[in-house]
Amino acid sequence: MIDAPSSLVLMGEMPVWSSIDTWIILTSSLVAAASAIPGCFLFLRKQSMIADALTHAALPGVVIAFILAGYLQAFGVFAGDSGWAFRQSMMFGGAMVAGLLTAYLIEWVAASGWIRGDAAMGVVFTTLFAIGLILLRQFADKSDVDLECVLYGQLDTIGLARGVPPEALTCAVILVINIVLVTVLFKELLLTTFDPQLAGTLGLRPKWMHYGLMTVTTATIVTAFEVVGSILAIGMLVIPPSTAFFISRRLRPMILVSMGAGVSACVLGHLAAITLPGPITQALGLPQVESVTTAGAIVITATLQMLVAMMIGPERGILVDRFRAAGQTAR
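By the naming in an unreviewed UniProt entry, the chain goes by Manganese transport system membrane protein MntB and is assigned to Rubripirellula reticaptiva. What UniProt records for the chain under Subcellular location (unreviewed entry) is the sentence "Cell membrane".

1. As for the packing of helix α1 (residues 19–44) against helix α10 (residues 230–245)
Taken N-terminus to C-terminus, the directions of α1 and α10 make an angle of 65 degrees; their axes are 7 Å apart at the nearest point. Judged on the interaxial angle alone, α10 and α1 are roughly perpendicular. Crossing geometry of α1 relative to α10 is assigned as right-handed. Along its contact with α1, which presents Ala32, Ser35, Ala36, Pro38, Gly39, Cys40, Leu42 and Phe43, the element α10 presents Met236, Leu237, Pro241, Ser242 and Phe245. Taken together, the residues of the contact of α1 with α10 break down into ten nonpolar, three polar and no charged.

2. Some remarks on unusual backbone geometry
Backbone geometry follows two general trends: most residues other than glycine have a negative phi, and most peptide bonds adopt the trans configuration. The phi dihedral of Lys46 is positive, around 60 degrees, even though this residue is not glycine. Mapped onto the elements, Lys46 comes out in the loop between α1 and α2 (50–74). Using a relative accessible area of 79% as the deciding quantity, one classes Lys46 as exposed. Positive phi is not limited to glycine here, since Arg205 has a value of about 55 degrees. Mapped onto the secondary structure, Arg205 falls in the loop between α8 (196–201) and α9 (206–228).

Conventions and cut-offs
Residues numbered from 1 in each chain as written. Predicted model: local features only at pLDDT ≥ 70, side-chain atom pairs only at ≥ 80, totals over all residues. Heavy atoms only, no water. UniProt positions renumbered as here; feature names shortened; annotations may be inferred. Axes fitted to C-alpha atoms, helices over the stretch in contact; angles between N-to-C directions. Helix = DSSP H or I, 4+ residues; strand = E, 2+ residues; numbered from the N terminus. Parallel < 35°, antiparallel > 145°, perpendicular 65-115°, else oblique. Left-handed = near helix turned anticlockwise from the far one by under 90°. Contact = heavy atoms within 4.5 Å. Nonpolar A, V, L, I, M, F, W, Y, C, P; charged D, E, K, R; others polar. Buried < 20%, exposed > 50% of the residue type's maximum accessible area, 1.4 Å probe, protein only.

Written as structure tokens, this is what we have:
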């Protein structure tokens, strides 16, 4: 996908910013900010890679819901003019069911003691993902499901139509929901994250809080991966919280820093995707590439931010810790 068309309009040598660029940055920033909230709790619970499992395991739910919606429309359950909204709702619901089923199966297999927790995650999500691929292949000729769209999203095409893109509105709604939930349930999430035994003695039911967090994470992922693709959806849940970990030791500032890191990665990543490939390929004598996919550039930018924080982060940066240790030794 390195030949994705640039959204910049060229006038001579001067690039002109277009509305497509604005919508791409705004939508991806909404995704990043929404993902950072549950991502911080997953990071502190050492469950960050469950985002990868939920993203892939949602595929069979999406495919089954889409096929079922097609049969319902064929039997006249809903009219054709409302088909798009009905299909989208069913696909979202199917992905949610598949995601929650994945979280439950991972917990069940790990608790059974048959295999380790990380292996349980791998077994469950690869099995469900394989089922989704088989279903998609089997019914590809009978439906309009686009595998590339399901796997890679449609970030580079957001804003082509007139008006406010529905993807941006959906991502904004998810961001607001996540902010409200983490504000209302902050103490409960804090206790169940750092001391689940104490939370249990206080009657907070850590298992229910865990499944509540999985529900929020699944809803965020399902919204994100259809818009920005699975790579960016997973990256925004994992990388910005990792960056914030080296900058702050307190949970509230960590969440805010994580959201800021995700948004800045989206802005800088898109700018890099549409400006750097041309000069770099020309300097290296390679075939000219005007732009690269924005999602990939955002993830690379977020990773570079994390590496910088890892080295010079004020709380846990490697160089900062060595400087402090050297100062204490000198005393």
